[in-house]
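Fold and contact review
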Amino acid sequence: MKKMKKDFFKDSSVKFPAYEPWISNDDKRIVNTALDQTMLTFGPQLEKFESDFSKYTKAKYAIAVSNCTAALHLSLKVLGIKENDEVIIPDLTFVADANAILACNAKPTIVDINKNNFFLSISNLKKNITKKTKAIIPVHIYGQVCNIDEVLDVAKANNLKVVEDCAHAIGTFHKSKHVGTIGNTGCFSFYPTKNITTAEGGMVITNSKNIADKVRQLRSHGMLKSLKSRYAGGYPWVFDISEPGYNYRLDEIRCALGISQLRRVAKINKMRKTAVSYYHSKLHNIPGIILPDMVHDKTHSYHLYTIRVTKSFGMSRNQLFKKLKDYGIRTTVYWMPIHMYTAYKKFTRTSNIKNTSKTYDEILALPLFPNITRKHQNSVINCIKKFGNKNER
């Protein structure tokens, strides 16, 4: 049995972490191979990672970047989002969506989610479209396909661009299409907690050559020549920049890790599904605990297992979090709603956050990762069952 890693934050009371990365011997070998290269950026590992990701998602083009925030920023920039434009995002998402919009000098419009799921409220979405609205960022949150068809209908009716936030959704499909290939672009994250990781990293996918070419250009300072083409002949220092860009490159070392991780993404997601099914089978009849609707969803990538702790459980989400921590179990919440951060309060209207505020007070992500043990899960399950029994408090 694999030995459990010590808590990263050096908390000796934590016996069961919320997440552990899975770095295999194959991962280490390919990274060491990349380290032996003479070129550590814009080399063969980047080309292969992009090619492999394109094949996996069946997107025509895949462009690796430094992180998902960079992917979002470049997508919006290439789609023409500029100063005074408005881009709609759900209140329940990571701040990267808002930050990418602000990086374009545009304005994030924060809208509510549905009462019974974590997706954009279509009615609230429609109410917030103005003449300045130019795009929507729907989020495939926790690994589940969002209400993308409805979002696309609204976007089409209002001539809006769609940038899919797929940070949680490697291996998530909608009607046989991988998410990210449905809108104008799809943006992925390879942060350590994601289903596959490059430590830090991201990817833009698209079926548009024009978008792909522009993203490639802007990810490396706006250079009109690639590193390879500059050294293929002539003077390598002679190149032009028609539009200033950014340093959003993904190096060879992290691309190598991505190649290796992507090879086993099907296995990773299957292991996650097994763990999710076990949680579901043991927690399904606890009063006051609402389980995520994901066990029978074949399109899901099982990124997070987020329960809702309602009033009838007899204990609040925060109280349950503390109780689990007292028993050595680390859990967390993804995330505080956008409207709760000081930086984004000015973009918020009270009528747009009602459902999100209620949902946020209830959600709790249980430990989930490919190599999670039954002992780990049983500890979580038994504690929740015990705390749900008023006689045991």
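Residues numbered from 1 in each chain as written. Predicted model: local features only at pLDDT ≥ 70, side-chain atom pairs only at ≥ 80, totals over all residues. Heavy atoms only, no water.

1. Considering the packing of aromatic side chains
Condition: Only Phe, Tyr and Trp rings take part, Trp by its six-membered ring, and two of them pair if their centres are within 6.5 Å. Stacked means planes under 30 degrees apart, edge-to-face means over 60, and tilted covers everything else. Strands here are runs of E lasting at least two residues and helices are runs of H or I lasting at least four, both read from the DSSP assignment and numbered beginning at the N terminus. Throughout, exposure labels follow a simple rule: accessible area from a 1.4 Å probe, protein chains only, divided by the maximum for the residue type, with under 20% read as buried, over 50% as exposed, and the rest as partly exposed.
As enumerated under the stated definition, the model contains 14 aromatic pairs in all. Relative to Phe188, the ring of Phe53 lies with its centre 5.1 Å away and its plane at 75°, an arrangement referred to as edge-to-face. Taken together, the residues Phe53 in helix H2 (residues 44-57) and Phe188 in strand E8 (residues 185-189) connect sequence positions 135 residues apart. Neither Phe53 nor Phe188 differs from the other in exposure class; each is buried. Ring geometry for Phe94 and Trp335: centres 5.9 Å apart, planes at 35°, overall tilted.

2. Details of the nonpolar core
To keep it simple, the criterion reads: Here, the term nonpolar core denotes a set of buried Ala, Val, Leu, Ile, Met, Phe, Trp, Tyr and Cys residues that are joined through side-chain atoms within 4.5 Å. Residues count as neighbours in contact if any of their non-hydrogen atoms are within 4.5 Å of one another.
One finds Phe49, Phe53, Ile136, Ile141 and Met203 to be the most contacted residues of the largest nonpolar core, which totals 53 residues. A per-element tally of this core places helix H9 (residues 252-263) first, with five residues. Setting aside its immediate chain neighbours within four residues, Ile141 contacts Leu92, Phe118, Phe119, His168 and Trp335. Grouped together as the second largest cluster of nonpolar side chains are 35 residues, Ala70, Leu72, Val87 and Ile211 included.

3. Examining the sheet that holds strand E10 (residues 289-290)
Heads up, the condition is: For two strands to be treated as a pair, DSSP must find no fewer than two bridges joining them. For helices, the fitted axis covers only the stretch in contact; all axes are lines through C-alpha atoms, and the angles between them, taken along N-to-C directions, range from 0 to 180 degrees.
Read across the sheet, three strands follow the order E10-E11-E12 without closing on themselves; strand pairing throughout is antiparallel. On the outer flanks of this sheet lie E10 and strand E12 (363-366), each paired with one strand and no other. The pairing of E10 with strand E11 (residues 305-309) spans two bridges and is classified as antiparallel. When the bridges of E11 are listed, Ile289 appears paired with Val309. Helix H11 (residues 317-326) contacts E11 and E12 of the sheet and is inclined by roughly 25° relative to E12.

4. Describing the pairing of E8
Taking burial as the measure, the five residues of E8 include five buried ones, the bulk of the element. Across three bridges, strand E5 (residues 161-165) lies against E8 in parallel orientation. Among the inter-strand pairings, Glu164 is bridged to a residue of E8, identified as Gly186. Note that E8 and strand E9 (residues 202-206) share four bridges and pair antiparallel. Paired with Phe188 across the bridge in E9 is Met203.

5. Quick notes on the environment of His168
The criterion, for reference: Residues adjacent in sequence count toward polar contacts only when both atoms are side-chain atoms; beyond that, a polar contact is any pair of N or O atoms within 3.5 Å, and within protein one must be able to donate a hydrogen and the other to accept it.
Its place among the elements puts His168 in the loop between E5 and strand E6 (173-174). With a relative accessible area of 4%, His168 lands in the buried category. As a C-alpha pair, His168 and Asn116 span 52 residues in sequence and 20 Å in three-dimensional space. Residues contacting His168, with those up to four places away along its chain left out, are His140, Ile141, Tyr142, Gly143, Lys194, Ser301, His303, Leu304 and Trp335. Within the structure, His168 has its side chain in polar contact with the backbone nitrogen of Tyr142 (distance 2.8 Å).

6. As for the packing of helix H3 (residues 68-78) against helix H4 (residues 96-103)
Applied cut-off: Every angle not falling under 35 degrees, over 145, or within 65 to 115 is termed oblique; those three ranges are roughly parallel, roughly antiparallel and roughly perpendicular. The sense of a crossing depends on the near helix, which, turned anticlockwise from the far helix by less than a right angle, makes the crossing left-handed and, turned clockwise, makes it right-handed. Charged means Asp, Glu, Lys or Arg here, nonpolar means Ala, Val, Leu, Ile, Met, Phe, Trp, Tyr, Cys or Pro, and polar covers whatever is left, Gly included.
Between H3 and H4, the shortest axis-to-axis distance is 9 Å and the interhelical angle comes to 40°. Classified by the interaxial angle, the pair formed by H3 and H4 is oblique. The chirality of how H3 crosses H4 is right-handed. Of H4, the residues touching H3 (which contributes Thr69, Leu72, His73 and Leu76) are Ala96, Asp97, Ala100, Ile101 and Ala103. Of the residues contributing to the contact of H3 with H4, the split by class is six nonpolar, two polar and one charged.

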